[in-house]
Amino acid sequence: MAVDVTVVGGGISGLACARAVTAAGKSVRVLDRGRRVGGRLASRTLWDRPVDLGASYFVVGESAPFEQVVAEWRDRGLARPWTDTFAVIGADGDQTQKSGPMRWAAPRGLRSLAVDLAEGLDVCAETTVAAVEPYRVDGEDAGEVVLAMPGPQAARLTARAPGGDADWEPVIAVALRWDTRRWPADLHGAFVDDHPDVAFIADDGDRRGDAAPVLVVHTTTSRARDHLDDPNGAVPTVIAATRDLLGIEVDPVATHAHRWTFARPIRTTGEPFFSTPGLSACGDAWGDRSAVRTAWESGHALGLALAGA
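Numbering of residues begins from 1 in every chain and follows the order in which that chain's sequence is written. Local features are withheld for residues below a pLDDT of 70 in this predicted model, meaning they are given only at 70 or higher, and side-chain atom pairs are given and counted only at 80 or more; totals for whole chains, interfaces and linings count all residues. Calculation of side-chain values draws on the structure's entire complement of heavy atoms; hydrogens and water are dropped beforehand.

Student: Before we go on, may I ask you to explain the overall build of the protein in this structure?
Tutor: Under the DSSP-based scheme used, a helix requires at least four consecutive residues in state H or I and a strand at least two consecutive residues in state E, with every element numbered from the N terminus. Across its full length, the protein holds eight helices and 18 strands. We compute the radius of gyration over the C-alpha atoms and compare it with the globule rule, which gives 2.2 Å times the number of residues raised to the power 0.38. Here the C-alpha radius of gyration of the protein, 20 Å, is about what a compact globule of 309 residues would show, namely 19 Å. For the protein, the spread of C-alpha atoms along the three principal axes comes to 60 × 40 × 35 Å. Here the term buried applies to any residue with accessible area under 20% of the maximum for its type, exposed to any over 50%, and partly exposed to those in between, with areas from a 1.4 Å probe on protein chains only. Relative to its 309 residues, the protein shows a buried fraction of 53%. We get accessible surface area from the Shrake-Rupley algorithm with a probe of 1.4 Å; when it comes to residues, only the shown protein chains can shield them. Carbon and sulfur atoms provide 46% of the accessible area of the protein, an area that totals close to 13,800 Å². For this count, His and the chain ends are skipped, Lys and Arg are scored as positive, and Asp and Glu as negative. One atom stands in for each charge, and that atom is NZ of Lys, CZ of Arg, CG of Asp or CD of Glu. Once the 32 positive and 42 negative side-chain charges of the protein are each reduced to a mean point, those two points are 3 Å apart.

Right, here's the structure in full:
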């Protein structure tokens, strides 16, 4: 069946685009290679609970449309304010507390928000796309084609991909579970400055609200590059660094590593999205800064544009 718009990529940006198109009365289909939607809003069930392995949180900011979506999530128990304060751990090990904007989390994992956005949409999961061109996907008529993915991934599908030569940073997210919580209750999360191995630590039990003894640690870019072919190879280094940074005396009882080859763009375009007749692109590389909110805003704005709203 012919559609007005085909979105390739079922992350938050692609889903926001699809919802805006649908709301305007046009037909849309979302193609995603994964078993479930979400993209970098990735939550995996580990140890009988969802663990966020992609984005750590999101910020609402001053985006009125996104604020309305978040308010609805909050009313339905899908999202909740988490914390406005993180620790900052310096190179010498000293910790300070730093306040900032409210960070939001999802009790059932951030992927649950993508699943909610996908409700009612025509989503084709586990669908691998080999090639796109204006108005066509894998040689078939597809209406307006939207690439909702990192530029380097889009470049594998078409030579016309915008941002295909942009640099992206990799990250390895390592989930660590202890038998009991062995760090301060007010940790929430910590930015780690000038460390060779660890960039950010999130208390997953705190952000999930169930107090599970689970931390999710994001490596530095350089450490991730060392282990892109073998993410599990980064685990011993991450364990040692985390124990040292937080003063934990014993190893975790279970671990899980996930590789993100294209975790975040090194720089963004400043433009809300890319659009030419028949082929467009959206995502967190198309705003002022890479963030969950940026990805949603980019997709939403492109969807409105494609729908003529």
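Still more ground to cover, so stick around.
Student: Quick question: what am I supposed to make of the nonpolar core here?
Tutor: What tends to happen in soluble globular proteins is that the nonpolar side chains get buried as a cluster. With 36 residues, the main nonpolar core has Val-7, Leu-15, Cys-17, Phe-58, Trp-73, Leu-113 and Val-146 as its most contacted residues. Considering every element that reaches this core, the biggest residue donor is helix α1 (residues 12-23), with six residues. For our purposes a nonpolar core is just a set of buried Ala, Val, Leu, Ile, Met, Phe, Trp, Tyr and Cys residues, chained together by side-chain atoms within 4.5 Å.

Student: What exactly am I supposed to notice about the side chain of Asp-204 here?
Tutor: The topology assignment puts Asp-204 in helix α5 (residues 204-208). Any pair of N or O atoms that falls within 3.5 Å is considered a polar contact. Within protein, one atom must be able to donate a hydrogen and the other to accept it, and sequence-neighbouring residues count only if both atoms are side-chain atoms. A polar side-chain atom of Asp-204 sits 2.7 Å from a polar atom in the side chain of Arg-207. Residue contacts for Asp-204: discarding those within four places in its chain leaves Arg-49, Pro-50, Val-51, Asp-52, Val-214, Leu-215 and Val-216. Residue contacts follow a heavy-atom distance rule, with two residues in contact if any of their heavy atoms lie within 4.5 Å.

Student: Whenever I open this one, the packing of aromatic side chains confuses me. Can you help?
Tutor: The relation between two aromatic rings is expressed through the spacing of the ring centres and the mutual angle of the planes. Each Phe, Tyr or Trp ring, with Trp reduced to its six-membered ring, pairs with another whose centre is within 6.5 Å; inter-plane angles below 30 degrees give stacked pairs, above 60 give edge-to-face pairs, and intermediate values give tilted ones. Under the criterion given, the structure shown has 14 aromatic pairs. Ring geometry for Phe-58 and Phe-66: centres 5.8 Å apart, planes at 70°, overall edge-to-face. Take Phe-58: its relative accessible area is 2%, and that puts it in the buried class. With 6.3 Å between their ring centres and 85° between their planes, Phe-66 and Trp-73 make a pair best called edge-to-face. Per residue, the accessibility class of Phe-66 equals that of Trp-73, and both read buried. A connected cluster of aromatic rings, assembled from ring pairs, spans Tyr-57, Trp-82, Phe-86, Phe-191 and Phe-200. A ring has a charge above it when a Lys NZ or an Arg CZ is no more than 6 Å from the ring centre and no more than 35 degrees off the ring normal. Positioned above the aromatic ring of Tyr-57, the side-chain terminus of Arg-103 is 5.6 Å from the ring centre.

Student: Would you take a moment to explain the sheet that holds strand β6 (residues 95-105) for this structure?
Tutor: Across a sheet, strands are paired by hydrogen bonds formed along the backbone, either parallel or antiparallel in direction. Strand order in the open sheet formed by seven strands is β6-β5-β13-β14-β15-β12-β16, with mixed pairing between adjacent strands. The open sheet terminates on both sides in strands that have one partner only, identified here as β6 and β16 (254-265). For this sheet, the mean inter-axis angle between neighbouring strands, taken without regard to orientation, is 20°. Pairing between two strands is assigned when DSSP locates at least 2 bridges connecting them. With three bridges joining them, strand β5 (residues 80-89) and strand β13 (residues 189-192) adopt parallel strand pairing. Every angle, taken between N-to-C directions, lies between 0 and 180 degrees, and every axis is a line fitted to C-alpha atoms, over only the stretch in contact when it is a helix.

Student: Help me out: how do you make sense of the environment of Leu-157 in this one?
Tutor: Along the chain, Leu-157 turns up in the loop between α4 (151-154) and β12 (168-177). The class of Leu-157 is buried, set by a relative accessible area of 13%. Expressed as a C-alpha distance, the spacing of Leu-157 and Asp-138, which sit 19 residues apart in the sequence, is 9.3 Å. In contact with Leu-157, other than residues within four places in its own chain, are Val-8, Val-129, Ala-130, Ala-131, Val-132, Leu-147 and Met-149.

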